[in-house]
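# Notes for the structure review
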Amino acid sequence: MTLTDPSITDATPGAPAPGSGSGERTAQAAGGVVHPGSVPVLTRDLRPGTAIDAHALDAAGIPVLDVTIPVYNEEEDLEECVRRLHAHLSRTFEHGFRITVADNASTDSTLRVAERLARELPEVRAVHLEQKGRGNALRRVWLASDAPVLAYMDVDLSTDLAALGPLVAPLLSGHSDLAIGTRLARTSRVIRGPKREFVSRSYNFLLHSLMGAGFSDAQCGFKAIRADVAQQLLPHTLDTAWFFDTELLVLAERCGLRCHEVPVDWTDDPDSKVDVVRTALDDLRGMYRLTKDLARGRIPLAELRDALARGPLPAGERAAEAGRRQSLFGQLARFAAIGIASTLAYAALFVLGREFMDAQASNFAALLITAVANTAANRRFTFGVLGAERLGRHHVEGLAVFGLGWALTAGALVWMHTVANPATWLELGVLIVANLAATALKFLLFRHWVFRRRA
């Protein structure tokens, strides 16, 4: 096993894939899908829903599972992580496996540690990339791998390795096309601080409300994908950093693929080098870019669905449910119920945010998150608007209504702080009153502006 793999090159999305001629275009550049010849022989005939013949792969000496560990300046933690993962796979995984350490332009001795481990453990290989970024590392390594199941995990091994078997099994059997660990399931056991909890749940809230995502946890560093699916989807992803996970999952959902979720036990790494706030902002920018790409047709979804989908996609809307619910009383009842839920969610988010933000910042964050969720809920349940038509416009206008609520509550806070050192419960009480004062006007704006029937 070579210490660094020359077949994996440091290239940007859209560059020729490893092994391709300089005059060839990638699938993304051509606007099409990857041809079977670019996939290893024993997996090129696989289709979603078909089982992987692991025994035939074992007989051919091809690893069934390739686990990538992207690293940047992890000289202290890398060896323990790799040895622990190697021991776990040797003990529990009955087929051939590979562990790929993807060094992302480290400036310390991370690469030397990885190369030494590759010499000592035959199932380990090390690759070096000149460009930083988890997305870049996974795209390069996965496109070059000959294994039919591709996975990755963070070097800190925050996720209990007992979840690795359940993560991979549905991909081997053909039941699912992707699998993700989720820290947000009811049966997950998670230990982490309020700041990371707040940011993670808020981000997933926005994904569900703005992009219609169905997966529960986009950011957990514990995922797997079938290689036949990865070969088709990866050339159409652009992000080189942390948003890569979300981009891949959203694209898979839009193509009608099945994602299996595994509740995990997860312990926060207090020494993690991840800048949570900066990562969250990058993710929001990624959401905007991906939404624009999908709207403009950069990604050939129809072709990908034909190549990958298991069957007809679920109907985006039902004819029997189409049309608006015009009863004023019914709209008021549903609006009130959603308003109560939004107010309770706002209160919980505000109190949680006050653990690490000032009152104004916590108020803004709580209002923004609940405003997006409130608009989505009223769109669907109060006014009966289904499907994707005018989805972006409705959310933009909903944010304008949010601006009104924010102005009222921010003004209330300014007035409150004329009182010296007000208690948090008093702040919260005044803010709830201010929110209720804006509710009547919000309903009128929703009914007669945002969700008004347009010709």
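Up top is the structure.
Residues numbered from 1 in each chain as written. Predicted model: local features only at pLDDT ≥ 70, side-chain atom pairs only at ≥ 80, totals over all residues. Heavy atoms only, no water.

## A short note on the overall build of the chain
Inclusion rule: Runs of E in the DSSP output that reach at least two residues are strands. Runs of H or I that reach at least four are helices, and both are numbered from the N terminus. We call a residue buried when its accessible area falls under 20% of the maximum for its residue type, exposed when it is over 50%, and partly exposed in between, using a 1.4 Å probe and counting protein chains only.
If you tally the helices and strands in the chain, you get 15 helices and nine strands. In the chain, which comprises 455 residues, the proportion classed as buried is 50%.

## A short note on the packing of helix 13 (residues 359-382) against helix 15 (residues 424-450)
Note the threshold: Each axis is a line fitted through C-alpha atoms, taken for helices only over the stretch in contact, and angles between the N-to-C directions span 0 to 180 degrees. Definitions for this section: a left-handed crossing has its near helix turned counterclockwise from the far helix by less than a right angle. A right-handed crossing has that turn clockwise. Any pair of residues with heavy atoms lying within 4.5 Å of one another is described as a contacting pair.
Axis separation between helix 13 and helix 15 bottoms out at 13 Å; the angle between their running directions is 35 degrees. Relative to helix 15, helix 13 is oriented so that their crossing is right-handed. Mapping the contact onto sequence places Ala-359, Asn-363, Leu-367, Asn-374, Thr-375 and Asn-378 in helix 13 and Glu-427, Leu-431, Asn-435, Lys-442 and Phe-446 in helix 15.

## Details of the environment of Gly-256
Among the structural elements, Gly-256 can be located in the loop between helix 9 (244-254) and strand 8 (259-263). Spatially, the C-alpha atoms of Gly-256 and Leu-304 are 9.3 Å apart, while their sequence positions differ by 48 residues.

## Describing the sheet that holds strand 8
Where we set the bar: The criterion for strand pairing is that DSSP finds at least two bridges linking the strands in question.
In space, the seven strands of this open sheet follow the order 3-2-1-4-7-5-8, with mixed pairing throughout. This sheet does not close on itself; its edge strands, each paired only once, are strand 3 (124-129) and strand 8. Taken pair by pair, the neighbouring strands of this sheet meet at an average axis angle of 20 degrees, ignoring direction. Of the strands in this sheet, strand 1 (65-71), strand 2 (97-104) and strand 3 touch helix 4 (residues 110-120), which is tilted by about 155 degrees from strand 3. Sheet strands in contact with helix 9 are strand 4 (149-153), strand 5 (178-182), strand 7 (222-226) and strand 8, and its direction is about 130 degrees off that of strand 5.

## Re helix 11 (residues 301-308)
Filter applied, for reference: Each direction from the helix axis to a C-beta atom contributes to the arc, which is the arc of those directions.
Looking at helix 11, one finds that the buried residues are Leu-301, Leu-304, Ala-307 and Leu-308. Projected down its long axis, helix 11 shows its buried positions confined to an angular sector of 125 degrees, all on one face. Of the exposed residues in helix 11, those oriented more than 90 degrees away from the buried face are Ala-302 and Asp-306.

## With respect to the packing of aromatic side chains
Using the following cut-off: Two rings from Phe, Tyr or Trp (for Trp, the six-membered ring) form a pair when their centres are within 6.5 Å of each other. A pair whose planes differ by under 30 degrees is stacked, one over 60 is edge-to-face, and the rest are tilted. In this scheme, the term charge over a ring applies when either NZ of a lysine or CZ of an arginine sits within 6 Å of the ring centre and within 35 degrees of the ring normal.
Under the counting rule described, the total for this entry stands at six aromatic pairs. One aromatic cluster is present, formed by Phe-335, Phe-383, Phe-443 and Phe-446 through successive ring pairs. The cationic tip of Lys-132 hangs over the ring face of Tyr-72; the distance from NZ or CZ to the ring centre is 4.2 Å. Its end group placed over the ring of Trp-266, Arg-183 keeps NZ or CZ at 4.9 Å from the ring centre.

## Focus on the pattern of salt bridges
Operational definition: We count a salt bridge whenever a side-chain nitrogen from Lys or Arg sits within 4 Å of a carboxyl oxygen from Asp or Glu.
For the coordinates displayed, the defined rule picks out 17 salt bridges. Residues Arg-83 and Glu-79 are paired through a salt bridge, measuring 2.9 Å at the closest nitrogen-oxygen approach. Taken together, the positions of Arg-83 and Glu-79, both in helix 3 (residues 78-92) and four residues apart, correspond to about one turn of that helix. On the accessibility criterion, Glu-79 (26% relative accessible area) is partly exposed. Here Asp-293 ties to Arg-289 by a salt bridge, and the two come within 3.2 Å at their closest N and O atoms. Here the residue Asp-293 and the residue Arg-289 both occupy positions in helix 10 (residues 276-296), the gap between them amounting to four residues, near one helical turn. Each of Asp-66, Arg-98, Arg-125 and Asp-146 takes part in salt bridges that share partners, so that together they form one network.

## What to know about helix 5 (residues 134-144)
At 3.6 residues per turn, the α-helix brings residues three or four places apart onto the same side. Among the eleven residues that make up helix 5, ten are buried, leaving the element largely enclosed by the rest of the structure. Regarding helix 5, the residues found buried are Arg-134, Gly-135, Asn-136, Ala-137, Leu-138, Arg-139, Arg-140, Val-141, Trp-142 and Leu-143.

## Quick notes on the packing of helix 14 (residues 391-416) against helix 15
For the record, the criterion: Relative orientations are named as follows: roughly parallel for angles under 35 degrees, roughly antiparallel for angles over 145 degrees, roughly perpendicular for angles from 65 to 115 degrees, and oblique for any other angle. Charged means Asp, Glu, Lys or Arg here, nonpolar means Ala, Val, Leu, Ile, Met, Phe, Trp, Tyr, Cys or Pro, and polar covers whatever is left, Gly included.
The interhelical angle for the contact between helix 14 and helix 15, taken along N-to-C directions, is 150 degrees, at an axis separation of 9 Å. Comparing the axis directions of helix 14 and helix 15 gives the class roughly antiparallel. The interaxial crossing formed by helix 14 with helix 15 has right-handed handedness. A breakdown of the residues in the contact of helix 14 with helix 15 according to their chemical character gives 18 nonpolar, five polar and three charged.

## Some remarks on empty space enclosed by the protein
Formally: Computed over the protein atoms alone on a 1 Å grid, cavities are sets of points where a 1.4 Å probe fits but cannot get out and pockets are open sets with protein on both sides within 12 Å along at least five of seven lines; a residue lines them when it has an atom within 4 Å of a point. Grid points are joined across faces, edges and corners, and a volume is the space filled by probe spheres set on the points.
For the structure on display, the rule yields two cavities of 30 Å³ or more. As for the largest cavity, its lining consists of Trp-142, Tyr-152, Leu-178, Ala-179, Ile-180, Lys-223, Ala-224, Ile-225, Phe-244, Asp-245, Leu-248 and Leu-249. Mapped onto the lining of the largest cavity, the elements with two or more residues apiece are strand 5, strand 7 and helix 9. By residue number, the principal contributor to the lining of the largest cavity is helix 9, which donates four residues. In terms of residue class, the lining of the largest cavity is built from ten nonpolar, no polar and two charged. The calculated volume of the second largest cavity comes to roughly 50 Å³. Along the walls of the second largest cavity sit Met-153, Asp-154, Asp-156, Leu-157, Ser-158, Thr-159, Leu-161, Gly-221, Phe-222 and Trp-266, which together make up its complete lining.

## Quick look at unusual backbone geometry
In this structure, Asn-73 is a non-glycine residue whose phi angle is positive, near 50 degrees. As for its placement among the helices and strands, Asn-73 is situated in the loop between strand 1 and helix 3. Phi at Ala-105 takes a positive value of approximately 60 degrees, unusual for a residue other than glycine. Locating Ala-105 in the fold gives a position in the loop between strand 2 and helix 4.

## Details of the side chain of Asn-73
Convention followed: By the criterion applied in these results, polar contacts are pairs of N or O atoms within 3.5 Å in which, for protein atoms, one can donate a hydrogen and the other can accept it, and in which residues neighboring in sequence qualify only through two side-chain atoms.
With a relative accessible area of 18%, Asn-73 lands in the buried category. Of note is the side chain of Asn-73, whose polar atom sits 3.3 Å from the backbone nitrogen of Asp-108.

## Considerations on the pairing of strand 3
When a strand is regular, its side chains alternate between the sheet's two faces. Note the cut-off: Handedness of a crossover is defined as follows: orient the strands so they point away from the viewer, and if the path from the first strand over the helix to the second runs clockwise, the crossover is right-handed.
For strand 3, the buried fraction is high: five of the six residues fall into the buried class. As defined by bridge partners, strand 2 adjoins strand 3 across six bridges and the pair is classed as parallel. When the sheet's bridge partners are listed, Val-101 is paired in strand 3 with Ala-126. Taking the sense of rotation as the criterion, the β-α-β connection linking strand 2, helix 4 and strand 3 turns out right-handed.

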